[in-house]
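Listed here are the chains, written in short residue letters.
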Amino acid sequence: MSARVPPAATAVALRRGGGLYLHLPFCRSVCPYCHFTRTAAHDAGLRGRVAAAMAGEFALRAARCALLREGRVQLRTLYVGGGTPSVLEPRLLGTLLAATAGRLPAAADLEATAEANPESFTAAVADAWRAQGLNRVSLGLQSLDDAVLRRLGRAGNAADNRRALALAARRFPRVAADWIVGPGVRPRSLVAELREAVAAGVGHVSLYILEVHAGTPLAADVAARRARPPGGRALEACYLEAVAALEALGLKQYEVANFARPGQESRHNRAYWRGVPWLGLGPGAHGFWGRRRYANHADLLAYCGAVEEGRLPEDAVDPLAPAQRRLERAVLALRTAAGLPLSLVPAGALPLARGEADGLWRLEDGALRLTPRGFLRLDGLESLLARALR
Ligand SMILES: C[S@@+](CC[C@H](N)C(=O)[O-])C[C@H]1O[C@@H](n2cnc3c(N)ncnc32)[C@H](O)[C@@H]1O
């Protein structure tokens, strides 16, 4: 069996359009739980160098892909993530967008998102982003409670978050916001915060249960027993109450951590889950383009150095073996409200009848659809699928 996606299928997928992801790794301060490619050690020189390298990376990839080079891939979604994109000088972002997204024909309904941290999301940034064509902002609020923000180690406070929320709602047609359900969060105040944000104009909420990632200061604190590992029944109860509250507010759960008013779902994320090709640019960015999936160097200097020498800044390339693709498709589908088609569940992999009787999922329309309680068991279910599909 070939370990590669047939070229014809890839070209067809690309002609239907693709997504572009730009990773901006700069932050004002680094949160203790964060495992993304990010740094607080930067100056204007480094920011300019990375932005120029990202434009260079686009050119290197275009040189290897005729559809990209000739502008024959329609840009359906653009996502500027980080790190903290609102820390980058808007002028630099404008130059970077012109050298990347600006080289591709944009779909009439292009969804163009950038992530912002409330402390650096100013009126000047918002106005520049709108002028550059961004039409959706995703705010990293995490909480509207100062005590919770302090426990998370966030740089900003609840007043910053409320100011950013009001500014985003005034300037952007679509506003998304992230919450982290972690220690100190109480269901009643979380629900009140979500109500407040939705009333202020948020049409999309991401709700993440705090995860401990190896190598972060949070992981060190947990290992040294300076912090308790997050999780347990209290956080699960918070998640379940928040899910119910969001549904009552008209934001439907369309993925384990994502909720939206109908029509405000993140098309960029949906495209990932559906296997639409996306070009990822920047340090630590991942992409799925042509016949392969790749991960860029996370180290900023290694990343810039490679591009400056005319090499693709890739740290790892994945040939997309068929078994791995099957597992990924199954896991990604399981995470969504549409659910996992039963045709993708290997015989005996999951206790179908028992899970349904226990209220973990519903079996309907030929799919296994997790309930909110089922979403809390996702890790275990993914392991069962992995074992059966290996
Ligand atoms: C790529 S991060 C963007 C961070 C953004 N600069 C900020 O600080 O708000 C996207 C989102 O992932 C979530 N996140 C990051 N680390 C997490 C962790 N360890 N556990 C749960 N959610 C996390 C946060 O909600 C964050 O807003």
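Note: the structure precedes this text.
All chains use their own residue numbering, which begins from 1 and follows the written sequence. The model is predicted, so local features are restricted to residues of pLDDT at least 70 and side-chain atom pairs to those at 80 or more, both for listing and for counting; the totals for chains, interfaces and linings are taken over all residues. Only heavy atoms go into the side-chain values, all of them from the structure, while hydrogens and water stay out.

A few points about the layout of surface pockets
Inference 1: Approximately 480 Å³ is the volume attributed to the second largest pocket.
Inference 2: The definitions used throughout rest on a 1 Å grid laid over the protein atoms alone, on which a cavity is an enclosed set of points accommodating a 1.4 Å probe that cannot get out and a pocket is an open set flanked by protein within 12 Å on both sides along at least five of seven lines; lining residues are those having an atom within 4 Å of a point. Arg151, Gly182, Pro183, Gly184 and Arg228 are, among the 21 residues lining the second largest pocket, the residues nearest its centre.
Inference 3: For the lining of the second largest pocket, the secondary structure elements donating two or more residues are helix 6 (146–152), helix 9 (217–223) and helix 10 (232–248).
Inference 4: Counted by class, the lining of the second largest pocket contains 14 nonpolar, 3 polar and 4 charged residues. Grid points are joined across faces, edges and corners, and a volume is the space filled by probe spheres set on the points. Segments assigned H or I by DSSP are reported as helices when at least four residues long, segments assigned E as strands when at least two residues long, and all are numbered from the N terminus. Ten residue types, Ala, Val, Leu, Ile, Met, Phe, Trp, Tyr, Cys and Pro, are classed as nonpolar, four, Asp, Glu, Lys and Arg, as charged, and the remainder, Gly among them, as polar.

Comments concerning the site of the ligand
Inference 1: Put simply, a residue is near a molecule or strand once any heavy atom of it comes within 4 Å of that molecule or strand. As a matter of local geometry, the ligand sits amid 17 residues, with Gly83, Asn117, Gln142, Arg154 and Asp178 nearest to it.
Inference 2: Residues adjacent in sequence count toward polar contacts only when both atoms are side-chain atoms; beyond that, a polar contact is any pair of N or O atoms within 3.5 Å, and within protein one must be able to donate a hydrogen and the other to accept it. One of the side-chain N or O atoms of aspartate 178 is found 2.6 Å from an oxygen atom in the ligand.
Inference 3: Here the accessible surface of atoms and residues is derived via Shrake-Rupley with a 1.4 Å probe, and residues count as covered only by protein chains that are part of the display. Surface burial for the ligand is 91%, taken as the share of its 570 Å² of free accessible area covered by protein chains.
Inference 4: Looking at the shell around the ligand, the elements that each hand over two or more residues are strand 4 (136–142), strand 5 (174–181) and strand 6 (204–209).
Inference 5: Of the residues belonging to the shell around the ligand, the class tally is 6 nonpolar, 7 polar and 4 charged.

Considering the pattern of salt bridges
When their charged atoms lie close together, side chains carrying opposite charge are able to pair.
Inference 1: Within this document, salt bridges are pairs made up of a side-chain nitrogen of Lys or Arg and a carboxyl oxygen of Asp or Glu, the two lying within 4 Å of each other. For the coordinates displayed, the defined rule picks out 22 salt bridges.
Inference 2: Glutamate 57 is the salt-bridge partner of arginine 61, the closest N and O atoms lying 2.8 Å from each other. Of this pair, arginine 61 and glutamate 57 both sit in helix 2 (residues 44–63), 4 residues apart, roughly one helical turn.
Inference 3: The buried label applies to any residue whose accessible area, calculated with a 1.4 Å probe on protein chains only, is under 20% of its type's maximum; exposed applies above 50%, and partly exposed to all values in between. Since its relative accessible area comes to 0%, glutamate 57 is described here as buried.
Inference 4: Through salt bridges with shared partners, one network takes in Glu57, Arg61, Arg292 and Glu314.

Things to note about the sheet that holds strand 14 (residues 361–364)
Neighbouring strands of a sheet are bound in pairs by backbone hydrogen bonds; such pairs are parallel or else antiparallel.
Inference 1: Judged by pairing direction, the sheet is antiparallel, and its 3 strands sit side by side in the order 13-15-14 without closing on themselves. Two strands bound the open sheet, and with one partner strand each, they are strand 13 (340–341) and strand 14.
Inference 2: Relative to strand 15 (residues 367–370), strand 13 is paired through 2 bridges, and the arrangement is antiparallel. Of the residues in strand 15, the one forming a bridge with leucine 340 is leucine 368. Whether two strands pair comes down to DSSP finding at least two bridges between them.

Topic: empty space enclosed by the protein
Inference 1: Tallied over the entire structure, the rule returns 3 cavities of 30 Å³ or more.
Inference 2: Counted as a void, the largest cavity has a volume near 70 Å³.
Inference 3: Looking at the largest cavity, the residues that line it are Cys27, Arg28, Ser29, Cys31, Thr84, Asn117, Glu119, Ser120, Arg154, Ala155 and Gly156.
Inference 4: Tallied by class, the residues present in the lining of the largest cavity amount to 3 nonpolar, 5 polar and 3 charged.
Inference 5: In this structure, the second largest cavity encloses a volume near 40 Å³.
Inference 6: If you trace the second largest cavity, you find it lined by Gly18, Gly19, Leu20, Leu68, Val73, Gln74, Leu75, Leu104, Leu279 and Trp289.
Inference 7: By residue class, the composition of the lining of the second largest cavity is 7 nonpolar, 3 polar and no charged.

Quick look at the pairing of strand 3 (residues 106–116)
The two faces of the sheet receive side chains in turn, since in a regular strand these alternate between them.
Inference 1: Two elements, strand 2 (residues 75–82) and strand 3, share 5 bridges in a ladder whose sense is parallel. Note on strand 3: the bridge partner recorded for tyrosine 79 is threonine 113.
Inference 2: Viewed along the sheet, the connection from strand 2 through helix 4 (residues 90–99) into strand 3 turns out right-handed.
Inference 3: Relative to strand 4, strand 3 runs parallel, the two sharing 4 bridges. Paired with alanine 114 across the strands is valine 137, a residue of strand 4. A crossover gets the label right-handed when its path from the first strand over the helix to the second runs clockwise, viewed with the strands pointing away from the viewer.

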